[in-house]
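Report on the structure
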Amino acid sequence: MTIAAPQPKANMGQPVPRYDAVPKVTGQAQYAADMPLANPAYAYLVTSAIAKGRIDGFDLSDARKVRGLIDIVTHENAEKLKEPKLFGNGGYMSTTIQPLASAEIAQDGQIIAVVLADTFEAAREAAHRVKVSYTAATPTASFDSPGTTSARAKGQLSQFKEDPKVGDFADAFARADVKLVASYETPTQHHNPMELFATSCVWSGGQLTIYEPSQYVHGLKNGVAEQLGIDADKVRVINPYVGGAFGSKGSVTPRTAIIAAIARKLNRPVKLVATRDQGFTIATYRAETRHVIQIGASHDGRLVALRHEGAEISSRADPYAVGGTKITTRLYACLNVDSMVSIVRADRNTPGFMRSPPEVPYLFALESAMDELAFKLDMDPIELRRVNDTMNEPIGNKPYTSRSLMACFDEGARAFGWSKRSMRPRTVTDGDWLVGHGCAATCYPTQMAPAAARVRLQRDGRARVEIAGHEIGNGAYTVIAQAAADRLGIPYEKVTVAIGDSDLPPAPVAGGSNSTASTCSAVEMVCGQVRQRLFKALMPNEGLVDKTKETVGMGQTPVTQAAQSGQPLDREKAFDALGISIVEEYGEWKPEGAPLDSFRAMHDGKMRMVGGSEMKDRIAYAFGAEFVEVRINRWTHEIRVPRLVGAFACGRIMNPRTARSQLMGGLIWGMSSALLEATEIDERTARYVNDNLADYLLPVNADAPGVEVILLPEQDDRIDPAGVKGLGELGNVGTNAAVCNAIFNATGQRIRKLPVRLENIEA
Amino acid sequence: MRAFIFQRATDPSAAVQALAAAASANSPLTEAAVQPLAGGTTLLDLMKLDVMRPATLVDINPLAGNWSTIDFDGGNLKLGALARMSDVAAHPQVRQHYPVIADSLRLAASPQLRNMATLGGNVLQRTRCSYFRDVSYSACNKRHPGSGCAAMEGFNRTHAVLGTSDQCIATYPGDFAQALMALDATVEITAKSGVRTMPFAELHKAPGRSPEIETVLAPGELVSAFTIAGRWPRSLYLKARDRQSYEFALASAAVALDVQDGVVRDGRIALGGVATVPWRVREAEVMLKDQRLDEALAARAADAAFSAAVPRRNNAFKIDLGKRVVARALQQAATMEIRA
Ligand SMILES: Cc1cc2nc3c(=O)[nH]c(=O)nc-3n(C[C@H](O)[C@H](O)[C@H](O)COP(=O)(O)OP(=O)(O)OC[C@H]3O[C@@H](n4cnc5c(N)ncnc54)[C@H](O)[C@@H]3O)c2cc1C
Ligand code: SF4
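Residues numbered from 1 in each chain as written. Chains lettered and ligands numbered in written order. Predicted model: local features only at pLDDT ≥ 70, side-chain atom pairs only at ≥ 80, totals over all residues. Heavy atoms only, no water.

**A closer look at the overall build of chain B**
Selection criterion: Labels follow the DSSP assignment, with helices taken as runs of H or I lasting at least four residues and strands as runs of E lasting at least two, numbered in each case from the N terminus. Only C-alpha atoms enter the radius of gyration, while the globule expectation follows 2.2 Å times N to the 0.38, with N the number of residues. Residue burial is assigned from relative accessible area. The probe radius is 1.4 Å, only protein chains are included, and a residue is buried under 20% of its type maximum, exposed over 50%, and partly exposed in between. Every residue pair with non-hydrogen atoms within 4.5 Å of one another is taken to be in contact. Here the accessible surface of atoms and residues is derived via Shrake-Rupley with a 1.4 Å probe, and residues count as covered only by protein chains that are part of the display. Asp and Glu are treated as the negative residues and Lys and Arg as the positive ones, with His and the ends of the chain left uncounted. Each charge is placed at NZ for Lys, CZ for Arg, CG for Asp and CD for Glu.
The helix and strand tally for chain B stands at 13 helices and 12 strands. On C-alpha atoms alone, chain B measures out to a radius of gyration of 19 Å, which is about the 20 Å that the 2.2 N^0.38 rule sets for 340 residues. If one aligns the C-alpha atoms of chain B with their principal axes, the spans along those axes are about 60 × 50 × 35 Å. Out of the 340 residues in chain B, the part that is buried amounts to 58%. Put simply, 64% of the contacts in chain B that link residues at least 6 apart link residues at least 24 apart. As presented, chain B carries roughly 13100 Å² of accessible surface, and 50% of it is formed by carbon and sulfur atoms. Taken together, the 38 basic and 32 acidic charged side chains of chain B have centroids lying 3 Å from each other.

This is the structure in structure tokens:
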């Protein structure tokens, strides 16, 4: 075992190497833009230089002179597409701002023309030569700009269900021994996956093939079909690898149908690779948020009143909100809780999911406030969490299926050396550096969605698993192969996995950290069907049917004796008894509590995700505790983070290697969301300024020299058959609060607005 | 990016010939139709962004045979304009006798960039002003004289507080040039008329009323070498930045001291990240002369260094930061251990 491949503990799979390790490190893995196309036309986007107004006209004369130019598509000659409907409101789209539909401009960087040429270089040059004249209106950039409108999220967005409340907050707060009121702010952030937003469209006899990095191939297929007004069966999305996504590739962006329509008109494959800066405006982002937290507590630290009010920016066109009060009101025991989320509209592109969409901003507020309260009470912040730990969430009094929050705090504290921390701020220095330690809780809902799979087992022990899951760097290939190998009793190396193709049985969006739980549950179920056929063939009269059912049904039940013996069954004999050499099974799995229309919706590319706080009789979350050491240079005020420690409990760990990698990336991301990442908006023009990877700060290796991930064993039989809690979005939650809490410990200065830059440090 | 002609210069005279061919008296050097290509890490980026649109590139890398020297003769240092940043940063004699040079290069950019980039290209790198680098902003006096300045009232956290004008507040982003400033380097320029030298401090021009003119170089002139007189073992480069690596300076100081018996005989300070051009602060230097350097003196010198600073909305912090960087750099240099 190595650091990268930790020794499995109880209820953890083997840290087998990644299924796709070799193709990736040798450059053989083909991403969307690598797919060879026959004689493609290259598309280059022209995007608006204003955020609000209209296009008066184009001067294309200079662009048309470029050798190799094929066409320039603008709103004047673009094909009209069907009305888009927002993902969060029952549709497929990331935005309802439909480019090329009219002369109106509703956001900075809106697509206003697509230039097509025989080479990428010619398309780019012609695009640079396009001249546009606008009539600009004064746009509203963000919270403090004139012209915003604000309204409660509830009722605007079907995805946003409730403003949780219980008891009498006002009364309890008024009478509380200790009170805290604090406001927090988080910035605009962009996903910036390494892989750019690429789209290639190829038509062949009325059949459209799309090569595009997508976290949801069935959603993309159906969404594009809907916009083009064609049968979804005529569309196929292929996408075996995604070079990072973080939510940005989950819903359908307008570019895809636009490129598809152009390819159909040209009768030629069209390839688009949008530039880095265009990625800031043609897809989604994490909008800036503001929070007011009010906490009332008794002297011993018990929370008696909690109120969380959140405000989020969205576009004029769409009421998007992440609405994280659903978790911040349920994390700790408290009898009187109130909350409200509102959406503030500005002239911006529509925001969307970004890794742990609600948790990152909302837990920043709550977990910062908890630290402030602990300091007020002169209590260790871990002890404050312990006093308020609960196995039942306070709003509906539903039990957590499992909750190892305090175990994570204790394990993490030990590894970090928390007991040596000074409670008093500004007491530790090391040469030029002020040293501070901070911690915070993290949590993420355990979510699952219906998924289908096809599994083929051969007499010689080789297997092929087909499921339209997504390899976004999460290790999907690996854990799916492991799940199948486990269930079929064959070596991992004998399993072939096909994913990332909408012709395969549908899997849900690789978002909400539901992928492993959903795909592995489906794959394990279908592997069970395969086993069942073999068992039946071999032992028709041995009464094993019931027992095999037990084996192949719910995953947590102990495996049958037959399976335990190391020889689950004599496979070859079973095949011979069947008289065939291949067994193939297809099955559709849905989680408990999934609505009746789940399978139909699944084939239509619509999500029926269940879990988290939205289950009838229980609540399912993964938990963790994060510890941060910050150092602040007394001269330059530079803030550095030499140490990040996270302890996490997430049900069954399929593979400690891929789990660790996800959580480690999460910790670094979380630190980065506190100190580095912020998209700056030019207030007068409502345009993004630092829309490139030099100015949009991401951490480099030197910024994260010490990252330790601790995986706690945890077994949860009340979630999904695979016993898995999603962990892809667990690592980067709460880190921002832990960083600020550590900065307070180092300096005595409380910072409530992210990101923290050196100019925000006072002393 | 526009289509362009690619030429390779085989010797210096062919290079300057090719470059001078398209020279026009009216347009600034940065707009000249023919541009020299060294490492390409500034130039090609700006071409892809459509900011620079040369019709012809003259690749000067074939001149590296003569133009990439790193020559220390025991007393003086000569660096060729085509020497790579990484080679100079790692050179043992540079590190020993001119730590400020080695540091300024080592702390710049990334290893990959340092392997590509040359010293000549480095000192001539152009501003990172986001509005300059994004042609969709129409107001940029540096790109289009007279069009205005989007940064002046825009997001200007990284912009300059020294050497600005009402036309342009773009920061000179490089690190190495501060070392050259502090060490009173001489720059060697090769032109059609021959080779000439001048103080490096005279190479760059503050924006004033014509921010499009960034240096005194004319089309057809190449930077061929830098020379530094004397050794400067008591020198260093302190760089404050948002990330631990791979990041431009928010404020930096190149300092070089000649300290004898605890008294500063000669002290040099140049600032980076805060000014529109490589910035020498003589008004602070004179305060050090013949003094014992302590915390109070360092702080006074730092104050003097920023006495002329003009803040904008988002960059006022640079004044205070810059002062602390200068003060710290001076104290560190005063106490640094010198390898014999
Ligand atoms: C992401 C990124 C981060 C960076 N970070 C830093 C940093 O932290 N600190 C820092 O100092 N720099 C940094 N840089 C800038 C980098 O150091 C410069 O791009 C590089 O030094 C330029 O050298 P080059 O040889 O590649 O120049 P080129 O791009 O080839 O040329 C630059 C300019 O100089 C002209 N030119 C080149 N050589 C000569 C010559 N001999 N005579 C006359 N004209 C010439 C060219 O025509 C061009 O206009 C960074 C760059 C990038 C892309
Ligand atoms: S600061 Fe200078 S480079 Fe930047 S926009 Fe203004 S004029 Fe242009």
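**Description of the packing of helix H18 (residues 656–675) of chain A against helix H19 (residues 735–747) of chain A**
Residues and elements named next belong to chain A. The criterion, for reference: Structural elements are reduced to axes, namely lines fitted to C-alpha atoms, with helices fitted over the stretch in contact, and the angle between N-to-C directions of any two is expressed from 0 to 180 degrees. Orientation categories follow fixed angle ranges, with anything under 35 degrees roughly parallel, anything over 145 roughly antiparallel, 65 to 115 roughly perpendicular, and all other angles oblique. We call a crossing left-handed when the near helix sits turned anticlockwise from the far one by less than a right angle, and right-handed when that turn is clockwise. Ten residue types, Ala, Val, Leu, Ile, Met, Phe, Trp, Tyr, Cys and Pro, are classed as nonpolar, four, Asp, Glu, Lys and Arg, as charged, and the remainder, Gly among them, as polar.
Taken N-terminus to C-terminus, the directions of H18 and H19 make an angle of 60 degrees; their axes are 7 Å apart at the nearest point. Classed by the angle they form, the pair H18 and H19 counts as oblique. The crossing of H18 and H19 is right-handed. Of H19, the residues touching H18 (which contributes Gly 666, Leu 667, Gly 670, Met 671, Ser 673, Ala 674 and Leu 675) are Thr 735, Asn 736, Val 739 and Ile 743. Of the residues assigned to the contact of H18 with H19, the class counts are six nonpolar, five polar and no charged.

**Notes on helix H12 (residues 295–305) of chain B**
In plain terms, the rule: Working definition: the arc comes from the directions between the helix axis and the C-beta atoms, pointing outward to the latter.
The complete set of buried residues in H12(B) reads B:Leu297, B:Ala298, B:Ala301, B:Ala302, B:Ala304 and B:Ala305. All buried residues of H12(B) fall inside an arc of 160 degrees around its axis, so they share one side.

**Here's the deal with the sheet that holds strand E9 (residues 235–240) of chain B**
Residues and elements named next belong to chain B. What counts here: In this description, strands pair whenever DSSP reports at least two bridges between them.
Strand order in the open sheet formed by four strands is E9-E10-E11-E12, and the pairing between neighbours is antiparallel. Looking at the sheet topology across the chains shown, the edges are occupied by E9 and strand E12 (279–280). Pairing of E9 with strand E10 (residues 251–260) involves six bridges; the strand directions are antiparallel. Within E10, the position partnered with Tyr 237 by the bridge is Ala 254. Relative to E10, helix H13 (residues 317–335) is tilted by about 30 degrees, and along the sheet it contacts E9, E10 and strand E11 (263–272).

**Examining the environment of A:Phe744**
Assignment of secondary structure puts A:Phe744 in helix H19. What A:Phe744 contacts, discounting residues up to four positions off in sequence, is A:Asp371, A:Phe375, A:Pro425, A:Gln749 and A:Arg750.

**Digging into unusual backbone geometry**
At the junction of A:Leu754 and A:Pro755, the peptide bond is cis and its omega measures out at -5 degrees in the coordinates. If you trace the backbone, A:Pro755 turns up in the segment after H19. Its identity is not glycine, yet A:Asn397 carries a phi of approximately 55 degrees, on the positive side. Of note, B:Ala109 is a non-glycine position whose phi angle comes to about 50 degrees, a positive value. Position of B:Ala109 relative to the elements: it lies in the loop between helix H6 (99–106) and helix H7 (111–116). Judged by its relative accessible area of 25%, B:Ala109 is partly exposed.

**Some remarks on the site of ligand 1**
All names here are of chain B. Worth spelling out the cut-off: Note on terminology: near, applied to a residue and a molecule or strand, indicates that one of the residue's heavy atoms is within 4 Å of it. Under the rule applied, a polar contact is a pair of N or O atoms within 3.5 Å (in protein, one hydrogen donor and one hydrogen acceptor; residues adjacent in sequence only if both atoms are side-chain atoms). Start and end positions for the domains come from either an automated domain assignment or a database one.
Neighbouring residues of ligand 1: 30 residues in total, closest Pro 36, Gly 40, Thr 41, Thr 118 and Asp 175. Within the backbone of Pro 36, one N or O atom sits 2.5 Å away from an oxygen atom of ligand 1. Taking Thr 42, its side chain carries an N or O atom lying 2.7 Å from an oxygen atom of ligand 1. Isolated, ligand 1 exposes 980 Å² of accessible area, and the fraction of that covered by the protein chains is 96%. Taken together, the elements giving at least two residues each to the shell around ligand 1 come down to strand E2 (34–37), helix H2 (43–48), helix H8 (119–123) and strand E8 (222–228). Considered class by class, the residues forming the shell around ligand 1 number 15 nonpolar, 11 polar and four charged. Both domain 1 (5–61) and domain 2 (67–340) contribute no fewer than three residues apiece to the shell around ligand 1.

**Considering the side chain of A:Thr325**
Note on placement: A:Thr325 falls in helix H8 (residues 325–328). Residues in contact with A:Thr325, not counting those within four places in the same chain, are A:Pro164, A:His308, A:Ser339, A:Val341 and A:Tyr362.

**Things to note about the confidence of the model for chain B**
As a reminder, the rule being used: pLDDT gives the predictor's per-residue confidence on a scale running from 0 to 100.
With 99% of its residues at a pLDDT of 70 or more, chain B shows a mean pLDDT of 96. The complex model carries a pTM of 0.96, and its ipTM stands at 0.97.

**Describing the confidence of the model for chain A**
In this model, chain A carries a mean pLDDT of 95, and residues with pLDDT of at least 70 account for 96%. In this model residues 543–566 of chain A is a low-confidence stretch, pLDDT under 50, and it forms 33 contacts with partners more than four residues away in sequence or in other chains.

**A few points about the domain arrangement of chain A**
Residue and element names in this part refer to chain A. Applicable threshold: Joining two parts hides part of their accessible area as seen by a 1.4 Å probe, and the buried area is that hidden amount summed over both. We define a salt bridge as a contact between a side-chain nitrogen of Lys or Arg and a carboxyl oxygen of Asp or Glu at a distance within 4 Å.
In terms of domain boundaries, chain A breaks down into domain 1 (1–30 + 400–446 + 620–763) and domain 2 (450–609). Look at where the C-alpha atoms of domain 1 and domain 2 centre, and you get two points 33 Å apart. Facing the 24 residues of domain 1 at the interface are 27 residues of domain 2. Between domain 1 and domain 2 lies a buried interface of about 2000 Å² when both sides are counted; carbon and sulfur atoms form 54% of it. When the buried surface of domain 1 facing domain 2 is broken down by residue, Tyr 19, Met 654 and Pro 721 rank first, second and third, together holding 38% of it. Along the contact surface separating domain 1 from domain 2 lie two salt bridges. One salt bridge in this structure joins Arg 652 and Asp 486, with 3.8 Å as the shortest N-O distance. When contributions to the side of domain 1 that touches domain 2 are tallied by element, the ones reaching two or more residues are strand E17 (433–445) and H18. Of the residues assigned to the side of domain 1 that touches domain 2, the class counts are 10 nonpolar, seven polar and seven charged.

**Remarks on the nonpolar core**
Residue and element names in this part refer to chain A. What counts, and what does not: As used in this record, nonpolar core signifies buried Ala, Val, Leu, Ile, Met, Phe, Trp, Tyr and Cys residues forming a set joined through side-chain atoms within 4.5 Å.
One finds Ile 295, Phe 409, Phe 627, Leu 675, Ile 743 and Val 756 to be the most contacted residues of the largest nonpolar core, which totals 89 residues. When residues of this core are assigned to their parent elements, the largest contribution, 10 residues, is made by helix H9 (residues 359–377). Discounting chain neighbours no more than four positions away, the residues touching Val 756 are Ile 639, Ala 674, Leu 675, Cys 740, Ile 743, Ile 751 and Ile 761. Tyr 241, Tyr 477, Ala 485 and Leu 534 belong to the second-largest nonpolar core, a separate cluster that totals 46 residues.

**Quick look at the sheet that holds strand E15 (residues 337–346) of chain A**
Residue and element names in this part refer to chain A. The sheet built from five strands is open, its strands ordered E7-E15-E14-E13-E8 with mixed pairing. Lying at the two open borders of the sheet, with one neighbouring strand each, are strand E7 (149–152) and strand E8 (178–186). With direction set aside, neighbouring strand axes in the sheet form an average angle of 15 degrees. Two elements, E8 and strand E13 (residues 289–297), share nine bridges in a ladder whose sense is antiparallel. Note on E13: the bridge partner recorded for Val 181 is Gln 294. Contacts between H9 and the sheet are confined to E8, E13, strand E14 (303–315) and E15, with E8 contributing the most and set at about 145 degrees to the helix.

**Side note on the pairing of strand E19 (residues 451–458) of chain A**
Residues and elements named next belong to chain A. Most of E19 sits inside the fold, with six of its eight residues counted as buried. Pairing of E19 with strand E22 (residues 582–589), which is carried by eight bridges, proceeds in the antiparallel orientation. Bridge pairing links Ala 453 to Gly 587 in E22. Pairing between E19 and strand E20 (residues 463–466): four bridges, direction antiparallel. Each bridged residue has a counterpart across the sheet, and for Arg 454 the counterpart in E20 is Glu 466. With antiparallel pairing between neighbouring strands as the criterion, E19 and E20 make up a hairpin whose turn holds four residues, including Gly 461 at a positive phi of roughly 90 degrees.

**So, the domain arrangement of chain B**
All names here are of chain B. Split into domains, chain B comes out as domain 1 (5–61) and domain 2 (67–340). In this structure, domain 1 and domain 2 have C-alpha centres spaced 24 Å apart. Taken residue by residue, the interface counts 25 residues in domain 1 and 25 residues in domain 2. Of the roughly 2200 Å² buried at the junction of domain 1 and domain 2 (both faces included), carbon and sulfur atoms supply 70%. Contact with domain 2 buries area across many residues of domain 1, yet Val 16, Leu 29 and Val 51 alone supply 23% of it, more than any other trio. Here domain 1 and domain 2 share two residue pairs in polar contact (both at pLDDT 80 or more) between them. Contributing elements (two or more residues each) for the side of domain 1 that touches domain 2: helix H1 (12–21) and H2. For the side of domain 1 that touches domain 2, the element with the highest residue contribution is H1, accounting for six residues. Considering only residue class, the side of domain 1 that touches domain 2 consists of 16 nonpolar, six polar and three charged.

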